[in-house]
Structure formats: structure tokens, C-alpha cells
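# Breakdown of the fold
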Amino acid sequence: MNSPKSLVTTIIPTYNRSSFLKKTIKNVLSQNSFSKIIISDNDSTDDTSQVIDKILKNNKNRMSYHKNSSNIGIYNNFNCGLKMIDTKYFNVMSDDDFLAPDFINESTQILESNHDINVVVFDAIVINENYKVVADRHPKYSEGPMSIEISVEKFVKNIIPRTWTGMMFRSNVLINSGYIDNDIGPYADGYWLYKVFLNNKIFLKNKIGAILVNHENNFSNSIKTFDLNCIEHHNIFKEILFS
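Heads up: these notes are all about the structure in this document. Every value quoted in this text rests on a predicted model; they were computed, and no experiment measured them. (Residues numbered from 1 in each chain as written. Predicted model: local features only at pLDDT ≥ 70, side-chain atom pairs only at ≥ 80, totals over all residues. Heavy atoms only, no water.)

Moving on, we come to the pattern of salt bridges. On inspection of all chains with the given rule, the structure shows nine salt bridges. A salt bridge links D86 to K36; the nearest nitrogen and oxygen atoms lie 2.7 Å apart. One end of the pair, D86, is in the loop between helix 3 (74–82) and strand 4 (89–92); the other, K36, is in strand 2 (residues 36–41), with 50 residues separating them in the sequence. Notably, a salt bridge pairs E106 with K207, separated by 2.5 Å at the nearest N-O pair. Taken together, the residues E106 in helix 4 (residues 103–113) and K207 in strand 10 (residues 202–214) connect sequence positions 101 residues apart. Assessed through its relative accessible area of 18%, E106 is described here as buried. In this structure K207 comes out as partly exposed when scored by relative accessible area, which is 34%. Connected through salt bridges with shared partners, the residues R17, D95 and D96 form a single ionic network. (Salt bridge = Lys/Arg side-chain N within 4 Å of Asp/Glu carboxyl O. Helix = DSSP H or I, 4+ residues; strand = E, 2+ residues; numbered from the N terminus. Buried < 20%, exposed > 50% of the residue type's maximum accessible area, 1.4 Å probe, protein only.)

A rise of 1.5 Å per residue sets the reference length of helix 7 (residues 188–199), with its 12 residues, at 16 Å; its end C-alpha atoms lie 17 Å apart and thus fit the reference within 8%. For helix 7, the set of buried residues is A188, G190, W192, L193, Y194, V196 and F197. (Expected span 1.5 Å × (residues − 1).)

Spatial relationships are all this shows, so hold off on functional conclusions.
Set out below in C-alpha cells:
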């Protein structure tokens, strides 16, 4: 198997959450000594730039930092990071999430050994700010490769994990599935994952790969209203998932 050096990029979009971001970067850097991190800053107005500058001093060979000149929206910011990927594999995570130990090494080993697999899916749990589990693992599921037809059905029915923080992607999924459609609104990430599952064979790993933190500043908790375009796309997405 090839060395995983320079094979993996972790995309971390961020906006005004420097205190969370520091912990997330530290967590990713601790995974190994070679994977890369791209920070896509959506024009933060806090001390994010200063925090990143300090971290970069000792990690210039492993990190890059891009700050937008204006706030371009959450999913356009995700896309900004995705378009900078130049490695064979990548993963995406929010600036307050954590990866389980060895997630990057284990997931890339699976991809290196299975050339027909484009996505490795680990399970994830959700904790609150007091580190109490508020959403536990999925019920037990079989580990191993899964056909596109079966994985799409199980994805739609929420029978298998579908949190992208616990997934490692082969970079060609961006060619066959495209980028995130910002017009869909708050459900754009779910719709993008649906397209990825629709176009790529996955490998299920029956193990926790990611820990998500639920707090009052989460994007999903900040959603108050939808414009008409978002409502239309959301209804289409619901129709796809639940028909």
C-alpha cells in the first residue's frame, strides 16, 4: 500500500468561532503527522485570523488558510474549501467537531485497498458542551462494502450513518456528484450527500469516526426563516427522501 503522506485534506469552514476552531484543528493535527488542513474563513470578524497565524507558525507544511473578502454564505464557503483540494482523498468537518483517533489512517487504508470504493462511512455521536451524549450511535449495521442501490435506500431511511464528519471521500466524487448547491438552503449538505451516495460505492465501518458537538450557536439552531426558493428545494428534497 502506498504511504498516506499528502493523500488527505481536511476541509474546515469557519466563521467567528475561534475558540471552537482551535480545539478542532488540534484534534485533526493529532491524527497523524502528514495530512493537510484547509481552513476556509467566511470573513470572520473575531480573532480567527490571529488564532490561525499562531497555529500556522508551527504547522505551515500542513495547513493553509483562506479568508473570503466578504461573507459568501455557509455552503458557498464549504465549496470554497472543496475547490482547493489537490489530494487524492478528503474529509469535511465543522469547526466545532472532532475526529475519533485513527479515523484518517483507517479510512484512507480502506480506500487504498479498495479502488472501487469512493466513500468510507464511519458512525458518529453527538455530545453537548458538557460532553454528555445526546445522540448515540446507529443501531448495529453490517461492516463492509455496499452497493449503490442498497446504500441509497438505507441512506434515505436513515438506517446507516449519514453525517459527513464521519466520512472520507475519494476526490473524484466532486467530479461525479458536483459541489454543494447553496440554493437548497439549510438542507444543502444532506442533498449533496444524497447525490454522492447515488453516484458512488461506499464502505461501511462499524465504528465511531466522529464526534459532533451540539450547542446553542450551531448553524442548525440558528435557522429562523426560509425564503421561497429554500422552501421549494426543501420540499423537493423531502419528496426524494420519503417517497
